[in-house]
Each structure stands twice: as C-alpha cells, then as structure tokens.
Amino acid sequence: VKDNSSATFAGVLIGHQFLLNRFTFSQQLGVYVFKQTKTYDKQYQNLFHTIYHRWGLSYKMSNHWYAGITLLAHNQIADFIDARITYRIK
C-alpha cells in the first residue's frame, strides 16, 4: 500500500551522555509532538508508540571530527539505525 502522507516527524528528547576518553555513549528518551502519517497513525495509536528512545555511540577521531552510530527504538522494537560523521567547530 502506497502512503502519500507526510514523512515528517518532530519530537522532544531528554537524555545524558557518558564520556569515556574518546568514546561518548548517549541515551535519550523522547516523545513525538508531530507525527501525522497514515501508516503510523494506524500502527502507533497508544501512548507507548508516541514515546521512543535513542541509543548512541560516537568516537572522537581528532579535535574536530567524530564518527558515530545511533539506534532509534519504539518500545522494544528497533526502527532505525544511522551512521554519522560530524565536524564540530570549537
């Protein structure tokens, strides 16, 4: 079934980070404030599917460059994994 509705989600997160030398481990808990897609409205109607958590691990390669990976999950189901390379201006 083709879904032509919006794929834009917006959420508010709260979390913390553990700094271990060059590694950073992060945990975040979030709630969607905007999620209006037909597919997700049918699948995620209860409160537990408007809440999500994100887990991340990043590595500081130099003073400005970082590489990392994060996992986004709803309840106990992993929905999205991303990899990133970041340049940070200090």
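Refer to the preceding data block for the structure.
These figures come from a predicted structure and were not determined experimentally.

How each quantity is defined
Residues numbered from 1 in each chain as written. Predicted model: local features only at pLDDT ≥ 70, side-chain atom pairs only at ≥ 80, totals over all residues. Heavy atoms only, no water. Helix = DSSP H or I, 4+ residues; strand = E, 2+ residues; numbered from the N terminus. Buried < 20%, exposed > 50% of the residue type's maximum accessible area, 1.4 Å probe, protein only. 1 Å grid on protein atoms, 1.4 Å probe; cavity = no way out; pocket = protein on both sides within 12 Å on 5 of 7 lines; lining within 4 Å. Points joined across faces, edges and corners; volume = space filled by probe spheres on them. Nonpolar A, V, L, I, M, F, W, Y, C, P; charged D, E, K, R; others polar. Pairing = 2+ DSSP bridges. Axes fitted to C-alpha atoms, helices over the stretch in contact; angles between N-to-C directions.

The phi angle at Asn21 is positive, at roughly 55°, despite the residue not being glycine. In this fold, Asn21 is placed in the loop between strand 1 (9-20) and strand 2 (23-35). Its relative accessible area of 85% is what places Asn21 among the exposed residues.

Next up on the list: the layout of surface pockets. Considered as a void within the structure, the largest pocket measures approximately 480 Å³ in volume. Lining the largest pocket are 22 residues, and of these Gln17, Thr24, Ser26, Ser58 and Tyr66 sit closest to its centre. If you list the elements that add at least two residues to the lining of the largest pocket, you get strand 1, strand 2, strand 3 (51-60), strand 4 (65-74) and strand 5 (77-87). In the lining of the largest pocket, the residues fall into seven nonpolar, 10 polar and five charged. For the second largest pocket, the calculated volume is near 160 Å³. Taken together, 10 residues line the second largest pocket, and the ones lying closest to its centre are Phe9, Tyr32, Leu72, His74 and Phe80. At the level of elements, strand 1, strand 4 and strand 5 are the ones that each hand at least two residues to the lining of the second largest pocket. At three residues, strand 1 tops the list of elements feeding residues into the lining of the second largest pocket.

Taken in spatial order, the five strands line up as 1-2-3-4-5 in an open sheet, and their pairing is antiparallel. Looking at the sheet topology across the chains shown, the edges are occupied by strand 1 and strand 5. Taken over all neighbouring pairs, the strand axes of this sheet differ in orientation by 20° on average, direction set aside. Of the strand pairs in this sheet, strand 4 and strand 5 are connected by 10 bridges, and their pairing is antiparallel. Each residue of the ladder has a partner; that of Ala67, found in strand 5, is Ile85.

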